[in-house]
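Below are the chains, spelled out letter by letter.
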Amino acid sequence: GAGVSQTPSNKVTEKGKYVELRCDPISGHTALYWYRQSLGQGPEFLIYFQGTGAADDSGLPNDRFFAVRPEGSVSTLKIQRTERGDSAVYLCASSSGLVASEQFFGPGTRLTVL
Amino acid sequence: AQTVTQSQPEMSVQEAETVTLSCTYDTSESDYYLFWYKQPPSRQMILVIRQEAYKQQNATENRFSVNFQKAAKSFSLKISDSQLGDAAMYFCAYTSGGTSYGKLTFGQGTILTVHP
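Within each chain, residue numbers correspond to sequence positions counted from 1 in written order. Note on labels: chains are lettered from A, ligands numbered from 1, in written order. Local features in this predicted model are restricted to residues of pLDDT 70 or higher, and side-chain atom pairs are both shown and tallied only at a pLDDT of 80 or more, whereas totals for entire chains, interfaces and linings draw on every residue. To obtain the side-chain values, all non-hydrogen atoms of the structure were included, while hydrogens and water were left out.

Break down the packing of aromatic side chains for me, citing the residues and quoting the values.
Each Phe, Tyr or Trp ring, with Trp reduced to its six-membered ring, pairs with another whose centre is within 6.5 Å; inter-plane angles below 30 degrees give stacked pairs, above 60 give edge-to-face pairs, and intermediate values give tilted ones. If you walk through the whole model with that rule in mind, you get 15 aromatic pairs over all chains. Three or more aromatic residues joined by ring pairs form one cluster here, namely Tyr33(A), Tyr35(A), Phe45(A), Tyr48(A), Phe105(A), Phe35(B), Tyr37(B), Phe91(B) and Phe106(B).

The following block contains the structure:
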């Protein structure tokens, strides 16, 4: 595709439910990142994939958060037993994987936990 | 751990004027990269400009330029001839050059308003 896409654009769920957020990176980009952006704040790193493997998941806040990238392209961020504090915009970015190469961001998924 | 600080929550500028957004960072590394990203209301982050720490020359991209002061750990963004389309949230970001994957650390952001 022409850019990074994320679905859904908005997701409203109830506390305790399970959600999946999808990211479709730019074709050919080997590096994929997830960030979380709370209202009025800068994005915070969650996890980085190089190919199919999670090379760095140090930003995941707890074990309710998990992400996969089974074929080295599309990635899914999964959140179990959602809490109101999980409400935020979840951003995905991809890059060529070269040192400090430009990260291209998707429009994000706004998650609201009621 | 590296930190990035933007001390100006909001800035405003008149159309066609110049504005400077401030950013400071803290790191013990010598090899790193700094970025300014723009985030309009559509939420899509767009890279504005990038600076390699090993380069003494300040980066410039059309109306956008930076003042990189490595010793002071300061990295400000100057927007010349401001346009209405420049209105957005601007984020300063850092990544280590020592790793191969480019995890970004962002500042808190500065909201820029452009008045016609």
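Back to the text.
So, the sheet that holds strand β1 (residues 5–7) of chain A: which residues are in play, and what are the values?
All names here are of chain A. Read across the sheet, four strands follow the order β1-β3-β8-β7 without closing on themselves; strand pairing throughout is antiparallel. Where the open sheet ends on each side, the last strands, each with one partner, are β1 and β7 (65–68). In this sheet, adjacent strand axes meet at a mean angle of 15 degrees when their direction is disregarded. For two strands to pair, DSSP has to find at least two bridges joining them. A helix here means a DSSP run of H or I that spans at least four residues, while a strand means a run of E at least two residues long, and both kinds are numbered starting from the N terminus. Where β7 and strand β8 (residues 75–79) come together, four bridges link them in antiparallel fashion. Looking at β8, one finds that Ala67 is bridged to Leu77. Note on method: axes are straight lines fitted to C-alpha atoms, helices fitted across the in-contact stretch only, with angles between N-to-C directions ranging 0 to 180 degrees.

Break down unusual backbone geometry for me, citing the residues and quoting the values.
Thr7(A) connects to Pro8(A) through a cis peptide bond whose omega is -10 degrees. With respect to the helices and strands, the residue Pro8(A) is situated in the loop between β1 and β2 (10–13). Positioned with a positive phi, Arg81(A) is a non-glycine residue whose angle comes to about 45 degrees. Along the polypeptide, Arg81(A) turns up in the loop between β8 and β9 (88–95). Three labels apply to residues, based on accessible area from a 1.4 Å probe with only protein chains included: buried if under 20% of the type maximum, exposed if over 50%, partly exposed otherwise in between. Among the residues examined, Arg81(A) registers a relative accessible area of 46% and is labelled partly exposed. At Asn62(B), a position not held by glycine, the phi torsion is positive, near 55 degrees. Checked against the element boundaries, Asn62(B) lands in the loop between β7 (60–61) and β8 (64–69).

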